[in-house]
Amino acid sequence: MKKSLKSKESDTEDIRYMKTALNLARKGRGFTSPNPMVGAVVVKDGKIVGKGYHQAAGKAHAEVNAINDAGSATENSTLYVTLEPCNHTGRTPPCTEKILEAGIKRVVIAMKDPNPDVEGGGLDYLHRHGISITAGVCETEAKRLNEAFVKYIRTKRPFVIIKCAATLDGQIATRTGDSKWVSGEDSRRCVHRLRHAADAIMVGIDTVNRDNPSLTTRLEHMKRHDPTRIILDTHLSIAEDAKVLQLDSDSDTFIFTGDSISKDKKDRIEKTGAKVMTVPVEGGLIDLNFLMDRLGALNITSLLIEGGGRVIASALRSGIVDKIIFFYAPKILGGNDGVPICTGPGAATMNRSIPVKDIKVRRLGDDVMIEGYIDVYRNH
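Residues numbered from 1 in each chain as written. Predicted model: local features only at pLDDT ≥ 70, side-chain atom pairs only at ≥ 80, totals over all residues. Heavy atoms only, no water.

Draft legend 1. Representation of the overall build of the protein chain within the structure. In terms of regular secondary structure, the protein chain is built from 11 helices and 18 strands. Taking 2.2 N^0.38 as the reference for a compact globule, 380 residues should give roughly 21 Å; the C-alpha atoms of the protein chain span a radius of gyration of 23 Å, in line with that estimate. Along the three orthogonal principal directions, the C-alpha set of the protein chain runs to about 65 × 45 × 40 Å. Looking at the protein chain as a whole, 51% of its 380 residues are labelled buried. Counting only contacts in the protein chain whose residues sit at least 6 apart along the sequence, the fraction spanning at least 24 positions is 72%. As displayed, the protein chain offers around 18300 Å² of accessible surface, 48% of which is attributable to carbon and sulfur atoms. Counting 55 positive and 48 negative side-chain charges, the protein chain places the centres of these two groups 3 Å from one another. (Helix = DSSP H or I, 4+ residues; strand = E, 2+ residues; numbered from the N terminus. Rg over C-alpha atoms; globule rule 2.2 N^0.38 Å. Buried < 20%, exposed > 50% of the residue type's maximum accessible area, 1.4 Å probe, protein only. Contact = heavy atoms within 4.5 Å. Areas by Shrake-Rupley, 256 points an atom, 1.4 Å probe, with all protein chains shown as cover. Lys, Arg positive; Asp, Glu negative; His and termini not counted. Charge placed at Lys NZ, Arg CZ, Asp CG, Glu CD.)

Draft legend 2. A look at the nonpolar core. Counting 39 residues, the largest nonpolar core has M18, L79, Y80, I99, I104 and V107 as its most contacted members. Of all the secondary structure elements, the ones that give two or more residues to this core are helix 1 (12-25), strand 1 (39-44), helix 2 (62-70), strand 3 (78-83), strand 4 (106-111), helix 4 (121-128), strand 5 (132-135) and helix 5 (139-145). Tallying contributions element by element places helix 1 first for this core, with 7 residues. Residue contacts for V107: discarding those within four places in its chain leaves L79, V81, P85, I99, L126, I131, S132, I133 and T134. (Core = buried A, V, L, I, M, F, W, Y, C linked by side-chain atoms within 4.5 Å.)

Draft legend 3. Representation of the sheet that holds strand 5 within the structure. Taken together, the 5 strands give an open sheet; going across it, the order is 2-1-3-4-5, and neighbouring strands pair in mixed fashion. Of all the strands in the sheet, just strand 2 (47-53) and strand 5 have a single pairing partner and so form its edges. Neighbouring strand axes in the sheet, compared pairwise and without regard to direction, differ in orientation by 15 degrees on average. Across 5 bridges, the pairing between strand 3 and strand 4 is parallel. (Pairing = 2+ DSSP bridges. Axes fitted to C-alpha atoms, helices over the stretch in contact; angles between N-to-C directions.)

Draft legend 4. Here's a closer look at the confidence of the model for the protein chain. For the protein chain, per-residue confidence averages 91 on the pLDDT scale, and 94% of positions sit at 70 or higher. Scored below 50 in pLDDT, residues 1-10 shows 24 contacts in the model against residues more than four places distant or in partner chains. (pLDDT = per-residue confidence, 0-100.)

Draft legend 5. Here's a closer look at the side chain of E63. One can find E63 in helix 2. Comment: no salt bridge for buried E63; closest opposite-charge side chain is K98, at 11 Å. The residues contacting E63, other than those within four sequence positions of it, are A40, L79, V81, L83, P85, C86 and C95. (Salt bridge = Lys/Arg side-chain N within 4 Å of Asp/Glu carboxyl O.)

Draft legend 6. Quick peek at the sheet that holds strand 14 (residues 302-305). Read from one edge of the open sheet, 9 strands run 11-10-9-8-14-6-15-18-17, paired in mixed fashion. With one partner strand each, in any of the chains shown, strand 11 (275-278) and strand 17 (356-364) form the two edges of the open sheet. Geometrically, the sheet is characterised by an average inter-axis angle of 20 degrees between neighbouring strands, direction not taken into account. In terms of strand pairing, strand 17 meets strand 18 (residues 367-374) through 7 bridges, oriented antiparallel.

Draft legend 7. Quick peek at the pattern of salt bridges. Under the criterion given, the structure shown has 23 salt bridges. Among the salt bridges present, the one from R26 reaches E141, with a minimum N-O distance of 2.8 Å. Here R26 is found in the loop between helix 1 and strand 1, whereas its partner E141 is found in helix 5, with 115 residues between them in sequence. You can call R26 partly exposed: its relative accessible area is 28%.

Draft legend 8. Inspection of the side chain of D226 at higher detail. Mapped onto the elements, D226 comes out in the loop between helix 8 (205-211) and strand 9 (228-232). Classification of D226 by relative accessible area gives buried; the value is 8%. At a separation of 3.3 Å, a polar atom in the side chain of D226 contacts the side chain of R224. Those residues in contact with D226 that lie beyond four places of it in its chain are T216, T217, S249 and S251. (Polar contact = N/O pair within 3.5 Å; in protein donor to acceptor, adjacent residues only side chain to side chain.)

Draft legend 9. Focus on helix 7 (residues 185-197). In a regular helix each residue adds 1.5 Å, so 13 residues correspond to 18 Å; helix 7 covers 19 Å between its end C-alpha atoms and thus fits that length. When helix 7 is considered as a whole, its buried residues turn out to be S187, C190, V191, H192, L194, R195 and H196. Where the residues of helix 7 are buried, they touch strand 6 (159-167), strand 8 (200-204), strand 14, strand 15 (323-329), strand 17 and strand 18. (Expected span 1.5 Å × (residues − 1).)

Draft legend 10. Spotlight on the packing of aromatic side chains. Within the structure shown, the criterion is met by 3 aromatic pairs. Taken together, a centroid distance of 6.3 Å and an interplanar angle of 65 degrees make the contact between F326 and Y328 edge-to-face. Here Y328 falls in the partly exposed class, since its relative accessible area comes to 22%. Between the NZ or CZ atom of R16 and the centre of the ring of Y17, over which it lies, the distance is 4.6 Å. Seen from the ring of F31, K223 lies directly overhead, with NZ or CZ sitting 5.2 Å from the centre. (Phe/Tyr/Trp six-rings, centres within 6.5 Å; stacked < 30°, edge-to-face > 60°. Lys NZ or Arg CZ within 6 Å of the ring centre and 35° of its normal.)

Draft legend 11. Looking closely at the layout of surface pockets. A volume near 1200 Å³ is recorded for the largest pocket. Every residue lining the largest pocket is counted, 46 residues in all, and those nearest its centre are R29, M37, L145, A197 and A198. Of all the secondary-structure elements, those providing two or more residues to the lining of the largest pocket are helix 5, helix 6 (147-155), strand 6, helix 7, strand 14, strand 15, strand 17 and strand 18. Element by element, the count of residues in the lining of the largest pocket is highest for helix 7, at 4 residues. Partitioned by chemical class, the residues of the lining of the largest pocket number 23 nonpolar, 11 polar and 12 charged. Quantified by volume, the second largest pocket comes out at close to 820 Å³. K163, W181, R188, R195 and E306 are the residues nearest the centre of the second largest pocket, which is lined by 33 residues in total. Residue assignment for the lining of the second largest pocket shows that the elements contributing at least two residues are strand 6, helix 7 and helix 8. Considering every element that reaches the lining of the second largest pocket, the biggest residue donor is helix 7, with 7 residues. The class makeup of the residues in the lining of the second largest pocket is 12 nonpolar, 9 polar and 12 charged. (1 Å grid on protein atoms, 1.4 Å probe; cavity = no way out; pocket = protein on both sides within 12 Å on 5 of 7 lines; lining within 4 Å. Points joined across faces, edges and corners; volume = space filled by probe spheres on them. Nonpolar A, V, L, I, M, F, W, Y, C, P; charged D, E, K, R; others polar.)

Structure (structure tokens):
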């Protein structure tokens, strides 16, 4: 059994077909949560005869779509799929049974199911029924694609990304609060793609008061997803005419507050359609670790933090952050009276700073984007 599951990363043909499946999986970005993004291809006699991907939660899985696309050509074929086929009944029947019915002789997967309750079950079932299994092809790429799902399914908490745009001297707004625009158009388009991919977006009340954002996704020429909007507002001071309360959007707006708030104000805010929820407060700030558990219970698998310096610093101090994406624009404010990326007390010594790993750097127009992972990610 172990031998049959041996990775064959050196097999260039397997890698080529798996990369096609991974590209198909990416088509589901923004629509599959709380399910993972999955792609599949059916190959016979050296040709792809069927393609499919998981389009949305509740719809057919990638394997089913690829097998249906292949039709009668599935007999004695090979199925490449980016995630271990399911062997349990959820909103859809088990994919393992569909694979057996199709007469497929070999299954190649990128990664096992990260759910510890079912990991390996689909492969074991297929192996017992005579299907050859190869696992681990493009595994690193597959895990990175579904990093939010992997964390959520193991911890029941969202995968957290901090995004910010700053000048070269580390400021996200001027002393007057002006932040439009720190970054260029290419960076802002990238941010909207991040919003599309995330289940939720979070800001503090200072950002709402200063910028009056809508916190929606604006992308041209494609179907887009608005993330659930999360606002941290300890004293429920949000203006009742704030844009975020006046949106025509299919996604929800949640305002998390302390318990010392006006019931009348709460009732008026909730009449706009927003949901006001109380959570513990520590030192005048929302308890973010408690909040992550609450968001996980709401099936929010990924969270994009776009808050100001106080929210970013609080998120980093609380240890909830998995990934950072910083956009640096070729601008210098030339003083220390603007709004820094983080506000409040930081590390006293460099050896107490927060390490960022697996760094990637790329240009977006004139801006530089730095992407990396906080060490806590490695514990998931």
